[in-house]
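# Structural description and commentary
If you want the building blocks of each chain, they are given just below.
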Amino acid sequence: MVPMETTKVEGQPRKRITDIGPPNFEKFLHPLIKKNYGQWKYHESLGPGRLCHVAESGDRIYTVRAGSPRLLSIHTIRYFADLADKYCGGYLRFTSRNNVEFLLDDPARIEPLKKELEQAGFPVGGTNNAISNIVHTQGWVHCHSAATDASGIVKSVMDELHYHFTHQELPGKIRIALACCLNMCGAVHCSDIAILGIHRQPPVVRHDLVPKVCEVPTLIASCPTGAIRPATVDGKPSVEVIEQQCMFCGNCFTVCPALPMANAEFDGVSIWVGGKVSNARSAPRFSKLAIPYLPNNPPRWPEVVKAVVNIVEVYAKNARKFERMGEWIDRIGWPKFFKLTGIEFTRYHIDDFRFAPLTFARSTHIRF
Amino acid sequence: MDEKKQTKLLDQLESGPWPSFVKEIKKAAATNPAAGDLLGQLELSYEEKKVHWKHGGIVGVLGYGGGVIGRYSDVPEKFPKVAHFHTLRVNMPTGWFYASDALRTIYDIWERHGSGLTNMHGSTGDIILLGTTTDQLEPAFQELTQAGFDLGGSGSALRTPSACVGQARCEWACYDTMGVCNHVTHHYQDELHRPAWPYKFKFSGCPNDCVASIARADLSVIGMWKDEIQQDDAAVAEYAAAGLDIQKDVCDRCPAKCMNWDGKKLSIDNPECVHCMHCLNVMPKALRPGKERGAIFLLGAKAPILQGAVLSSVLIPFVPAAEIVDTLKELVSRIWEFWDEYGHNRERVAELIQRVGMAAFLDAIGLDPVPEMVAAPRDNPYIFFQKESDGSNGDDKG
Amino acid sequence: MATFEVDGRSYEVDEDGFLQDPGIWNEAVAKDFATTESVAEMTEAHWKVVNYIRNYYLQFGIAPMVRKLCKETGFKLNQIYELFPSGPAKGACKLARLPKPTGCV
C-alpha cells in the first residue's frame with residue numbers, strides 16, 4: 001500500500017486515506033427501513049411509480065419512482081436532494097435501472113411529490129408492467145469503442161414509449177437495454193428488447209503504430225475467429241486481417257489502438273428480442289436477433305425508434321397476460337413473430353458461429 | 001455565441017416528454033466549461049456519426065490500479081477543456097441508498113474537481129463522476145476518502161460488487177443481500193483496487209434477480225428458500241374476491257404445474273415447486289418465500305466477447321443464509337487458486353471452465369457433481385474416463 | 001505528439017506519458033521515466049521488477065500476468081504497489097517500456 005503520507009487538501013495537511021470501501025449503507029436508510037429491515041411482509045401498487053411496502057410491525061414505507069436520463073448534472077442531483085429533504089427526511093435511492101426513488105412515511109405527501117417531479121420533467125412510473133428506464137452505456141459521450149451513441153437513442157426511444165413508463169397496461173414487463181458495442185457493458189444480451197451498436201467493416205491496420213502500441217500475441221488472441229495473423233510490413237512486425245473471417249466484433253481494437261473500427265458510413269444499430277433475466281415462469285435466456293442493421297441517424301435515430309415502437313406495439317396487442325416478449329414468441333413461434341412485426345427474415349438471422357446447429361429447427365413442429 | 005457552441009443536432013434532443021441528457025449537459029455547462037466542450041464534441045460526433053475519444057488512457061490515483069477510466073479527446077484543439085476527460089468510479093453505498101447530505105457532499109467535491117456531470121449510476125453500479133483532468137484525480141480522490149467514499153473496480157480488477165434492495169425494502173429477499181454485498185466489498189478491497197482477477201459478484205435476494213446477476217456476474221448469488229411457500233389462505237381468498245383469476249393467472253402459469261385451485265382453496269405441491277417466483281409476484285400478500293432461506297450459487301455469466309455469451313449455471317443449489325459469506329470466501333479462494341495456476345490473461349471464469357471442462361474444474365475446487373448443475377446429462381459419448389488408482393478405467397471416483 | 005523533457009533529454013510520449021519509440025530503451029531512460037511515476041529512487045527491488053517485465057516482454061511479446069510477476073519476483077502485489085505507486089500496469093510497464101496496457105481501462 002502507498003505510505004500514509006501527509007498531503008495537502010484545501011490547505012489542510014491530512015492523512016492520505018485509502019481502501020476504506022463504500023460507506024456502510026445503514027447510515028443512509030430511512031428510520032422506518034432500518035426499523036423493519038428484514039421484516040417486510042408484502043407490498044402493493046398504488047398506481048404507476050408508487051409502491052407501498054408493509055412490514056410485520058404494520059409500518060408502511062411508500063416509494064415514489066421517477067425516470068432520469070442517467071447522465072445528470074450536479075444541479076439536478078441537488079434538486080433531488082432538496083426534494084428528498086422536503087418530502088421524506090432526505091432519504092432516497094436509485095434503482096438498478098437508473099430511476100430515482102423517494103422513500104416516504106407519509107402517504108399524504110405522495111401526490112404532491114409526484115406532481116412536483118412531473119412538473120420538473122421527471123416522469124413518475126416504471127413499476128410493474130410498465131416499460132422501466134432503459135439501461136444503457138456511455139456511447140459517444142464517454143466511450144472510445146462506441147459504434148453508436150447511447151443517450152441520444154435512449155432519449156428518442158423513451159420519448160415515444162413515455163406512455164408505457166407512466167402506465168402499467170402492458171401484458172408483462174418490457175426491459176429494454178442499449179449497449180454501444182459488442183463489449184455490452186450492461187445486461188443487454190438478456191433483455192426483452194436490446195439495442196446494440198455494431199460495426200460492419202473490418203479494422204484498419206495502422207502498420208506504423210502496431211509495433212509501438214500493441215502486444216501482438218494479445219492482439220492475435222483477441223480475435224474470436226482467428227482472423228488476425230502476424231505479418232511483416234515494410235520490414236517491420238505487424239499483423240494482417242483475413243477480412244473474410246472478420247465479423248466486426250471490435251475486440252481487436254479493445255486490446256490494440258492501432259486497429260480502429262469506427263466507420264461513420266457502416267456503423268449502426270441491431271435489435272434483439274426475447275431475452276430475460278428473471279426466473280419467473282420461464283428460465284432466463286438470451287435475446288435473439290430481430291433486425292441485423294439499422295443506420296446511425298442522429299440526432300433521433302428514427303429508424304431505430306420506429307422499429308422498437310413497432311415491436312412493443314405488436315407485443316402489446318398479441319401477448320397474453322404475464323407473457324414476457326420471449327414467452328410470447330415461444331408460444332406463437334418465430335415465423336409468426338416475423339410475420340406480425342413485418343420484420344424481414346434474412347441470412348443474417350441464421351447463426352453461423354459456434355453451436356449454431358443448436359439454434360436450427362430440429363423437429364417437424366411447424367405452423368402454417 | 002461562437003461557432004463551437006452551436007449544437008443544432010443535440011438541441012433537438014431537448015424537447016419531448018422524457019428527461020433530456022442534453023439539458024443536463026447544458027445545465028452543467030452554465031458553470032463548467034468542460035461540460036460545454038463535451039457538448040461541442042458530442043455535437044461533432046452527431047454530425048460525423050463517429051466517436052471522438054482516443055483509445056484507452058491509463059491514469060489513476062496512487063496505490064490503486066483501477067477505479068479511473070482514462071479518456072482523451074481526439075480533437076483537443078477544438079475542445080481543449082475535454083482534452084483530458086477521465087472518469088472516477090466511486091463505489092456506491094450498497095443498494096444505492098443515500099441521505100441527501102451524502103449526495104451534496106459527493107457533488108460539492110465533484111463541482112470543485114470535475115465537470116459537474118455524473119451517471120447515477122454506471123453499468124457496474126458505481127457512482128460515475130464523468131470527466132476531469134489528470135491533475136484533479138488525486139485531489140478529488142483524497143477529498144472523497146476524507147468524506148468516507150472510495151473508488152470502485154475497473155479493468156482487470158474485481159468489479160464493484162452490487163446487490164438488489166434486498167431486506168431493506170423487499171419481502172422476497174431470502175438473505176441479506178446488502179449486508180453480504182457490503183461485507184464482501186470490504187473483504188476484497190485489495191482485489192478491487194489492485195487488479196488480480198477480473199471477476200464480478202452480484203447479489204439478488206430472490207429468483208426475480210433484480211441486479212441481473214445470472215446474466216452479468218462471474219459469481220451470481222441468488223436468494224432461495226428450501227421449505228414450503230408460506231401461504232395465507234384468507235389473503236388468497238381476498239385476491240380471488242377482488243377478481244384475480246387464480247386458475248388462469250396463477251396455476252396455469254406455474255412452470256412446474258404444482259398448484260391446484262378448487263375455487264376455494266389453493267394447494268401447492270411444494271416438493272415440485274421450481275421457485276420461479278411467478279405466484280409470489282402475482283399474490284404478494286398471500287404467498288411468501290418459505291422460512292428456510294438461503295441462496296443458490298451460480299457461476300460464469302459474461303457478455304459475448306470472446307467465444308460467446310454465457311449465463312451463470314448452478315454450482316451449489318442451496319447455501320443456508322448464515323453460511324453465505326463463508327461459503328463465498330471459501331469458494332473464491334479455491335477458484336482463485338485454480339485460476340492462478342491455469343487461468344489465461346483476460347480470461348473470465350466461464351472461459352476457463354470451457355477450456356478445462358466443468359468436471360475438471362469441479363475436481364479442482366473440490367465440489368462433487370450433482371444433477372442440479374445440468375439441464376441434462378451429456379448427449380455425446382466422448383467421455384474422458386479417468387484412470388482408477390488400480391490402473392483400470394472406472395467411473396468417476398465421486 | 002507530446003514530449004517529456006528531463007535534464008535536457010527529450011522523449012516523444014503519448015498522452016499518458018508512455019514512451020513512443022520502442023527502440024531507445026535503456027536503464028537511463030527507465031530512470032528518467034521513474035520520476036513521472038512517483039518512484040523517487042530506482043532501488044534493486046525496482047530493477048528486479050522492471051527487468052523481469054522487460055525480459056518477459058522481449059521473450060513473449062506481452063506483459064506478464066500480475067500473478068506471474070508476483071511469483072517470479074517474490075514480491076506480493078501490495079509490495080509492488082509500494083515500489084510503483086501507480087501500479088504494475090501503468091508504473092512498472094511504463095518504466096520497462098512496454099506498450100500501454102489496454103482493455104476496459
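Model, not experiment: these values are computed from the prediction.

## Let's talk about the overall build of chain C
Across its full length, chain C carries 5 helices and 2 strands. Overall size of chain C, expressed as C-alpha extent along the three principal axes, is 35 × 30 × 25 Å. Buried positions account for 58% of the 105 residues belonging to chain C. For chain C, restricting intrachain contacts to residue pairs at least 6 apart in sequence, the fraction spanning at least 24 positions comes to 51%.

## Examining empty space enclosed by the protein
Inspection of every chain in the model, using the stated rule, returns 8 cavities of 30 Å³ or more. Along its surface, the largest cavity is lined by 16 residues, and A:Cys223, A:Ile228, A:Cys246, A:Cys249 and A:Cys252 are the ones closest to its centre. Split by residue class, the lining of the largest cavity holds 12 nonpolar, 4 polar and no charged. Approximately 90 Å³ is the volume attributed to the second largest cavity. Lining the second largest cavity are 16 residues, and of these B:Cys254, B:Cys273, B:Cys276, B:Met277 and B:Cys279 sit closest to its centre.

## A look at the pattern of salt bridges
The tally for this structure, following the rule as stated, stands at 46 salt bridges over all chains. Across the salt bridge formed by A:Arg16 and B:Glu138, the nearest N and O atoms sit 2.6 Å from each other. With one member in each of two chains, A:Arg16 in the loop between β2 (12-15) and α1 (31-35) and B:Glu138 in helix α5 (residues 134-146) form a pair that bridges those chains. Across the pair, exposure class does not vary: A:Arg16 and B:Glu138 are buried alike. Each of B:Lys54, C:Asp14, C:Glu15, C:Asp16 and C:Lys100 takes part in one network of salt bridges that share partners.

## Digging into the domain arrangement of chain B
Residues and elements named next belong to chain B. Taken domain by domain, chain B consists of domain 1 (3-146), domain 2 (162-224 + 294-373) and domain 3 (230-288). Relative placement of domain 2 and domain 3: their C-alpha centres are 31 Å apart. In this complex, domain 2 contributes 6 residues to the contact, which on the side of domain 3 involves 6 residues. Here domain 2 meets domain 3 over a buried area of about 530 Å², counting both sides, of which 64% is carbon and sulfur. The tally of links from domain 2 across to domain 3 stands at 0 salt bridges. One can count 1 residue pair in polar contact (both at pLDDT 80 or more) joining domain 2 with domain 3. Residue composition of the side of domain 2 that touches domain 3, grouped by class: 4 nonpolar, 1 polar and 1 charged.

## Comments concerning helix α4 (residues 100-113) of chain B
Here α4(B) is 14 residues long and its end C-alpha atoms lie 20 Å apart, about the 20 Å a rise of 1.5 Å per residue gives. Along α4(B), the residues classified as buried are B:Ser100, B:Ala102, B:Leu103, B:Arg104, B:Ile106, B:Tyr107, B:Ile109, B:Trp110 and B:His113.

## Let's talk about the confidence of the model for chain C
Do not read the predicted coordinates in detail wherever pLDDT is low. Across chain C, pLDDT averages 91, with 96% of residues at or above 70. Among the scores for the predicted complex, ipTM is 0.95 and pTM is 0.95.

## Here we look at the pairing of strand β8 (residues 219-225) of chain B
Residue and element names in this part refer to chain B. The element β8 is extensively covered by neighbouring structure, given that 7 of its 7 residues are classed as buried. Burial along β8 is two-sided: Leu219, Val221, Gly223 and Trp225 and Ser220, Ile222 and Met224, pointing in opposite directions, are all buried. Summarising the sheet, strand β7 (residues 201-204) and β8 pair through 4 bridges and their orientation is parallel. Within the sheet, the bridge partner assigned to Phe201 lies in β8 and is Leu219. Pairing of β8 with strand β13 (residues 293-299) involves 7 bridges; the strand directions are antiparallel. In the sheet register, Trp225 faces β13, and the bridge partner there is Arg293.

## Here we look at the nonpolar core
Counting residues in each nonpolar core, the largest one holds 93 residues, and the members touching the most others are A:Phe102, B:Tyr98, B:Tyr107, B:Met259, B:Met283 and B:Leu287. Looking at this core, the element that brings in the most residues is helix α2 (residues 74-88) of chain A, giving 7 residues. Apart from the residues lying within four places of it in its own chain, the contact partners of B:Met259 are B:Val250, B:Cys251, B:Cys254, B:Leu266, B:Ser267, B:Ile268, B:Cys279 and B:Leu287. Grouped together as the second largest cluster of nonpolar side chains are 68 residues, A:Ile174, A:Ala319, B:Ala28 and B:Val51 included.

## A closer look at helix α8 (residues 302-318) of chain A
In this model α8(A) runs 24 Å from its N-terminal to its C-terminal C-alpha over 17 residues, within 8% of the 24 Å that 1.5 Å per residue would give. Taken as a whole, α8(A) has its buried residues at A:Val304, A:Val305, A:Ala307, A:Val308, A:Val309, A:Ile311, A:Val312, A:Val314 and A:Tyr315.

## Topic: the interface of chain C and chain B
Between chain C and chain B, the residue contacts involve 19 residues of the former and 30 residues of the latter. Summing both sides of the interface, chain C and chain B together bury roughly 1,900 Å²; the carbon and sulfur share of this comes to 56%. Linking chain C with chain B are 2 salt bridges, by the criterion used here. As a salt-bridge pair, C:Arg67 and B:Asp340 come within 4.0 Å of each other at their nearest N and O atoms. There are 9 residue pairs in polar contact (both at pLDDT 80 or more) connecting chain C and chain B. For the side of chain C that touches chain B, the secondary-structure elements that each account for two or more residues are α3 (66-73), α4 (77-83) and α5 (87-95) of chain C.

## Comments concerning the sheet that holds β13(B)
Residue and element names in this part refer to chain B. The strand order across the open sheet built from 5 strands is β6-β7-β8-β13-β14, with neighbouring strands paired in mixed fashion. Across the chains shown, the open sheet's two edge strands, defined by having one partner strand only, are β6 (162-163) and β14 (313-320). In the packing of helix α6 (residues 177-187) onto the sheet, contacts are made with β6 and β7, and the angle to β7 comes to roughly 165°.

## Digging into the state of the cysteines
Disulfide: a covalent bond connecting the sulfur atoms of a pair of cysteines. Considering all chains together, one arrives at 1 disulfide over all chains under this definition. Disulfide pairing places A:Cys214 opposite A:Cys256 at an S-S distance of 1.7 Å. For the disulfide bridge between A:Cys214 and A:Cys256, the dihedral angle about the S-S bond is near 50°, and by the sign convention the bridge is right-handed. Highlighted residues: A:Cys214 in the loop between α5 (210-213) and α6 (216-221) and A:Cys256 in the loop between α7 (251-255) and β14 (268-273), separated in sequence by 42 residues. Of all cysteine sulfurs, the one in B:Cys210 lies closest to B:Cys164, which takes part in no disulfide; the gap is 6.1 Å. B:Cys164 gets classed as buried once you look at its relative accessible area, which sits at 11%.

Thresholds applied
Residues numbered from 1 in each chain as written. Chains lettered and ligands numbered in written order. Predicted model: local features only at pLDDT ≥ 70, side-chain atom pairs only at ≥ 80, totals over all residues. Heavy atoms only, no water. Helix = DSSP H or I, 4+ residues; strand = E, 2+ residues; numbered from the N terminus. Buried < 20%, exposed > 50% of the residue type's maximum accessible area, 1.4 Å probe, protein only. Contact = heavy atoms within 4.5 Å. 1 Å grid on protein atoms, 1.4 Å probe; cavity = no way out; pocket = protein on both sides within 12 Å on 5 of 7 lines; lining within 4 Å. Points joined across faces, edges and corners; volume = space filled by probe spheres on them. Nonpolar A, V, L, I, M, F, W, Y, C, P; charged D, E, K, R; others polar. Salt bridge = Lys/Arg side-chain N within 4 Å of Asp/Glu carboxyl O. Domains from an automatic or database assignment. Buried area = accessible area lost by both parts, 1.4 Å probe. Polar contact = N/O pair within 3.5 Å; in protein donor to acceptor, adjacent residues only side chain to side chain. Expected span 1.5 Å × (residues − 1). pLDDT = per-residue confidence, 0-100. Pairing = 2+ DSSP bridges. Core = buried A, V, L, I, M, F, W, Y, C linked by side-chain atoms within 4.5 Å. Axes fitted to C-alpha atoms, helices over the stretch in contact; angles between N-to-C directions. Disulfide = S-S within 2.5 Å.

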